[in-house]
Amino acid sequence: ADEEMFQAGDVRTDPFAAFGMGSNDAGSGPSSFYQHSAQQRQQGRPGSADAWGSPRYQQQQQQQPAVQSVPLVLSLEELYKGAVKRLKVTRHVMDAASGKSLPVQEVLEVNIKPGWKEGTKITFSGKGDELAPGGPAADLVFVIKQQPHPTFTRTGNDLHATVKLPLVAALTGGSASLQMPDGRTLALPVSAAQPVSHGSTRVVAGEGMPISKQPGRRGDLHVKFEVLFPRQLSQQQKEQLRHILPAQ
């Protein structure tokens, strides 16, 4: 299991603040999200003066706790292989005696399944802030965000990568290799019968991302070849190439 601790929020640096849901600066009292909702209920809306204060609306509010979202940044390797993340979260609960909001720390465990995509949501019911005395705690939702990778880009279940290939291998055959997110080295043979042109692509079936909803299946790998041309040639080499290579 990954023992990394993730600070989801604290009194001074609260990531919920970006969503208008964090604790106030003093670390006590209801959050700004709750205060805003309370003002709306008191003021009402044009054309429906009693909508906010109606018993039915209040019942709906009690049945539907607020949602607090926090980004969970993961590497492509973690999304490829799966991982277990232990996340240290500081939430705020209302003290019935003082009416103040008190910070409470808790460690939540998230099991990352191979193939999960950016935007996947993991919900912990009732693990967010308590927004009002006696009210339900908000749901805490981690939203997956993938870190940029130096080699691969991802489109759905497919992976895309650019592989450099020496000119001699592109013309006469050889092989290239690509290190996959799980640590394997994937060999990419180049046939002498089919020269590889610069910018050409190859699809390797079944070497993309795992498909989380279809265990055992994977997307495809799209390889783009970047043919490396020599930086300089001698006059003799140029003459030899003119005799070897066709003019068109």
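For the structure itself, look to the data block above.
What counts, and at which threshold
- Residues numbered from 1 in each chain as written.
- Predicted model: local features only at pLDDT ≥ 70, side-chain atom pairs only at ≥ 80, totals over all residues.
- Heavy atoms only, no water.
- Helix = DSSP H or I, 4+ residues; strand = E, 2+ residues; numbered from the N terminus.
- Buried < 20%, exposed > 50% of the residue type's maximum accessible area, 1.4 Å probe, protein only.
- Contact = heavy atoms within 4.5 Å.
- Areas by Shrake-Rupley, 256 points an atom, 1.4 Å probe, with all protein chains shown as cover.
- Pairing = 2+ DSSP bridges.
- Axes fitted to C-alpha atoms, helices over the stretch in contact; angles between N-to-C directions.
- Polar contact = N/O pair within 3.5 Å; in protein donor to acceptor, adjacent residues only side chain to side chain.
- Salt bridge = Lys/Arg side-chain N within 4 Å of Asp/Glu carboxyl O.

With that out of the way, let us pick up the overall build of the protein. When you go through the protein residue by residue, the secondary structure sums to 5 helices and 11 strands. Residues classed as buried in the protein amount to 34% of the 248 residues present. Put simply, of all contacts in the protein between residues at least 6 apart along the chain, 58% involve residues at least 24 apart. A total accessible area of about 15000 Å² is found for the protein, and carbon and sulfur atoms account for 50% of it.

Bridge analysis of strand β2 (residues 83–94) against strand β3 (residues 101–112) gives 12 bridges, and the strand direction is antiparallel. Its bridge partner being in β3, V93 is matched across the sheet by L102. Counted between consecutive antiparallel strands, the loop separating β2 from β3 contains 6 residues, among which G99 sits at a positive phi close to 75°.

We now examine the sheet that holds strand β11 (residues 221–228). Reading across the sheet, the 4 strands line up as β6-β7-β11-β10 and stay open at both edges, with mixed pairing between neighbours. What marks the edges here is a single partner per strand, and that holds for β6 (152–155) and β10 (201–204). With direction set aside, neighbouring strand axes in the sheet form an average angle of 30°. By the bridge criterion, 8 bridges tie strand β7 (residues 158–166) to β11 in an arrangement that is parallel. Within the sheet, the bridge partner assigned to H160 lies in β11 and is H222.

This part is about the environment of T120. Relative to the elements of secondary structure, T120 occurs in the loop between β3 and β4 (121–124). The exposure class assigned to T120 is partly exposed, which follows from its relative accessible area of 21%. The spacing of T120 and L72 is 48 residues in sequence and 9.8 Å in space, taken between C-alpha atoms. Within the local environment of T120, its side chain forms a polar contact with the backbone oxygen of K117, the two atoms lying 2.7 Å apart.

In this section: the pattern of salt bridges. Enumeration according to the criterion identifies 6 salt bridges in this entry. Salt-bridge contacts for E78 lead to K85; the nearest nitrogen and oxygen are separated by 3.1 Å. Per residue, the accessibility class of E78 equals that of K85, and both read buried. A salt bridge links E109 to R86, with the nearest nitrogen and oxygen atoms 3.8 Å apart. Here E109, found in strand β3, pairs with R86, found in strand β2; they are 23 residues apart in sequence, far enough to count as distant. Residue E109 is classed as partly exposed on the basis of its relative accessible area, which comes to 42%. Salt bridges linked by common partners bring D182, R184 and E207 together as one network.

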